[in-house]
Amino acid sequence: MEVPALTARWIAGPPGGASPAVVTGVFDVLHVGHLRFLSAIRDRGLPLVVGVEDDRRVSAWKGPDRPVNPDEERAELLAALRCVDGVFIVSGPPEVNGWDAYADLLRPMDPAALAITSGDPHTDAKRRGAEALGADFWELPLTRGRSTSATLNRLSPSL
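Rules of the game
Residues numbered from 1 in each chain as written. Predicted model: local features only at pLDDT ≥ 70, side-chain atom pairs only at ≥ 80, totals over all residues. Heavy atoms only, no water. Core = buried A, V, L, I, M, F, W, Y, C linked by side-chain atoms within 4.5 Å. Buried < 20%, exposed > 50% of the residue type's maximum accessible area, 1.4 Å probe, protein only. Helix = DSSP H or I, 4+ residues; strand = E, 2+ residues; numbered from the N terminus. Contact = heavy atoms within 4.5 Å. Salt bridge = Lys/Arg side-chain N within 4 Å of Asp/Glu carboxyl O. Phe/Tyr/Trp six-rings, centres within 6.5 Å; stacked < 30°, edge-to-face > 60°. Lys NZ or Arg CZ within 6 Å of the ring centre and 35° of its normal. Pairing = 2+ DSSP bridges. Right-handed = clockwise from strand over helix to strand, strands pointing away.

Under the annotation held in an unreviewed UniProt entry, the protein chain carries the name Adenylyltransferase/cytidyltransferase family protein and is attributed to Nocardiopsis suaedae.

Across soluble globular proteins, nonpolar side chains have a tendency to be buried as a group. With 21 residues, the main nonpolar core has Val23, Leu38, Ile41, Val50, Leu78, Val84 and Trp138 as its most contacted residues. Where this core is concerned, the elements lending two or more residues are β2 (21-25), α1 (32-42), β3 (48-53), α3 (71-79), β4 (86-91), β5 (113-117) and β6 (136-140). Apart from the residues within four sequence positions on either side, Ile41 is in contact with Ala21, Val23, Leu48, Ala115, Trp138 and Leu140. If you look at the next biggest cluster of nonpolar residues, it comprises 18 residues, including Phe88, Ala103, Met109 and Ala135.

The tally for this structure, following the rule as stated, stands at 9 salt bridges. In this structure, Asp85 and Arg42 form a salt bridge, with 2.8 Å as the shortest nitrogen-oxygen distance. Taken as a pair, Asp85 in the loop between α3 and β4 and Arg42 in helix α1 lie far apart in primary sequence, 43 residues in all. Looking at Asp85, the relative accessible area reads 28%, which means it is partly exposed. For Lys126, the salt bridge goes to Asp120, with nearest N and O atoms at 2.8 Å. Here Lys126 falls in the partly exposed class, since its relative accessible area comes to 25%.

Before going further, it helps to examine the packing of aromatic side chains. Evaluation of the coordinates by the stated rule reveals 1 aromatic pair. Where Trp10 meets Phe88, the ring centres are 5.1 Å apart and the plane angle is 55 degrees; that geometry is what we call tilted. A residue pair is termed long-range when its members are at least 10 positions apart, and Trp10 in strand β1 (residues 7-12) and Phe88 in strand β4 qualify at 78 residues. By relative accessible area, Phe88 is classed as buried at 0%. When the ring centre of Trp138 is taken as origin, the NZ or CZ atom of Arg44, which lies over that ring, is 4.8 Å away.

Turning next to the environment of Lys62. Secondary-structure assignment places Lys62 in helix α2 (residues 55-62). A residue is classified by how much of its surface remains accessible, and Lys62, at 43% relative accessible area, is partly exposed. For the pair Lys62 and Val26, spaced 36 residues apart in sequence, the C-alpha to C-alpha distance is 10.0 Å.

Of all the 5 residues making up β2, 5 are buried; the element is thus mostly covered by neighbouring parts of the structure. Inspection of the sheet shows β2 paired to β3 by 5 bridges, in the parallel sense. Residue Thr24 lies in a different strand from β3, and its bridge partner there is Gly51. At this point the chain moves from β2, through α1, to the parallel β3, and the crossover so formed is right-handed. The pairing of β2 with β5 spans 2 bridges and is parallel. Bridge pairing links Ala21 to Ala113 in β5.

In C-alpha cells form, the structure reads like this:
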C-alpha cells in the first residue's frame, strides 16, 4: 500500500535563485517568538521559505479548537514579513508526518538548510530529513515564554 504524499500549495514564491532555508510549522497565532526565529534564519543569508501546516493537519494534531486562524490567513501573514521570501501550505493526511514524507515534499525546492527551534519534539526526525536532502540543519534558540500555547493560555481567562 502506497502512503499518500504531502503536497505544497504556494501562496507566495517560490523565490528564484539560491537554494533556500526552509522551516515548516503551524504558525497559528503569530507572535514575537515567530518573528525572532524567522528573522534569525533569514539573517544567515539564504532566502527563507516557510511551510504552513493546513487546517486539517493542525486540528488532528492539536485538537478541534485549533487552528485559531485558517491556513490561508496564517500563510498571508507570514508572506507579509520582510524576512520571508516564500510561503506554501503543507497538505496531506495528518498521519503522514515522517521525515521521509517531508524530504519528498521539500526535495524539489533543493533546500540548503532546514531550521527548527530548540526543543522541537521532532528534532531527530528533522535532522534525518536534512541529511537525506543534503541540507544543513540549523537549531535556533526558542524565545522563552513566547509560544502560541502560552499566548492562548494568557488569553483564555479573558475570552
